[in-house]
Amino acid sequence: QVQLVESGGGLVQPGESLRLSCSASGSRFSLYDMGWYRQAPGKQRELVAAVISGGGTNYADSVKGRFTISQDNAKKTVYLQMNSLKPEDTAVYYCNAHRVLFGVTNDYWGQGTQVTVSP
């Protein structure tokens, strides 16, 4: 079982930066693939960035070069550094922990944090 708590959202202007944090509690944090998803009003939830337990990362094309995901296993925290924010980045951002073990998929979600980018 993993519990996730996001923080760091807020209201910023276009071009500014934010850093989201996701703190995890529970065991075996380093064995999970960690990701950030977002959901804008009227749209489906989409993957923004993920870090795989082996160390690789994935990014949505729309955020490549602007967002960076990182993970601190000692602190059980995953970060999303968001630079050059655009109005279209406005959404609720969710942290996800994902693992497949013996054919069983486990997904855990945080409560979400609002990011609003507006002039």
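Before any of the text, the structure's been laid out above.
Residues numbered from 1 in each chain as written. Predicted model: local features only at pLDDT ≥ 70, side-chain atom pairs only at ≥ 80, totals over all residues. Heavy atoms only, no water.

### Topic: the sheet that holds strand β1 (residues 2-7)
Taken together, four strands build an open sheet; the order of strands is β1-β3-β8-β7 and the sheet is antiparallel. Among the strands making up the open sheet, the edge pair consists of β1 and β7 (67-72). Within the sheet, the average angular offset between the axes of one strand and its neighbour, ignoring direction, is 15°. Here strand β3 (residues 18-26) pairs with strand β8 (residues 77-82) via six bridges, running antiparallel. Its bridge partner lying in β8, Cys 22 is registered against Val 78. (Pairing = 2+ DSSP bridges. Helix = DSSP H or I, 4+ residues; strand = E, 2+ residues; numbered from the N terminus. Axes fitted to C-alpha atoms, helices over the stretch in contact; angles between N-to-C directions.)

### A closer look at unusual backbone geometry
What is expected of a backbone is that most residues other than glycine have negative phi and most peptide bonds are trans. Even without glycine at this site, Lys 76 takes up a positive phi of about 50°. Among the structural elements, Lys 76 can be located in the loop between β7 and β8. The exposure class of Lys 76 is partly exposed, given its relative accessible area of 29%. Phi is positive for Phe 102, which is not a glycine, with a value near 55°. (Buried < 20%, exposed > 50% of the residue type's maximum accessible area, 1.4 Å probe, protein only.)

### Some words on the pattern of salt bridges
Counting across every chain of the model gives four salt bridges. Here Arg 38 makes a salt bridge to Asp 89, at a shortest N to O gap of 2.9 Å. Of this pair, Arg 38 sits in strand β4 (residues 33-39) while Asp 89 is found in the loop between β8 and β9 (91-101), placing the two residues 51 residues apart along the sequence. Take Asp 89: its relative accessible area is 1%, and that puts it in the buried class. Notably, a salt bridge pairs Arg 66 with Asp 89, separated by 2.8 Å at the nearest N-O pair. Here the residue Arg 66 occupies a position in the loop between β6 (57-59) and β7, and Asp 89 occupies one in the loop between β8 and β9, the gap between them amounting to 23 residues. Each of the two residues, Arg 66 as well as Asp 89, counts as buried. (Salt bridge = Lys/Arg side-chain N within 4 Å of Asp/Glu carboxyl O.)

Functional significance is not addressed by these values, which are geometric in nature.
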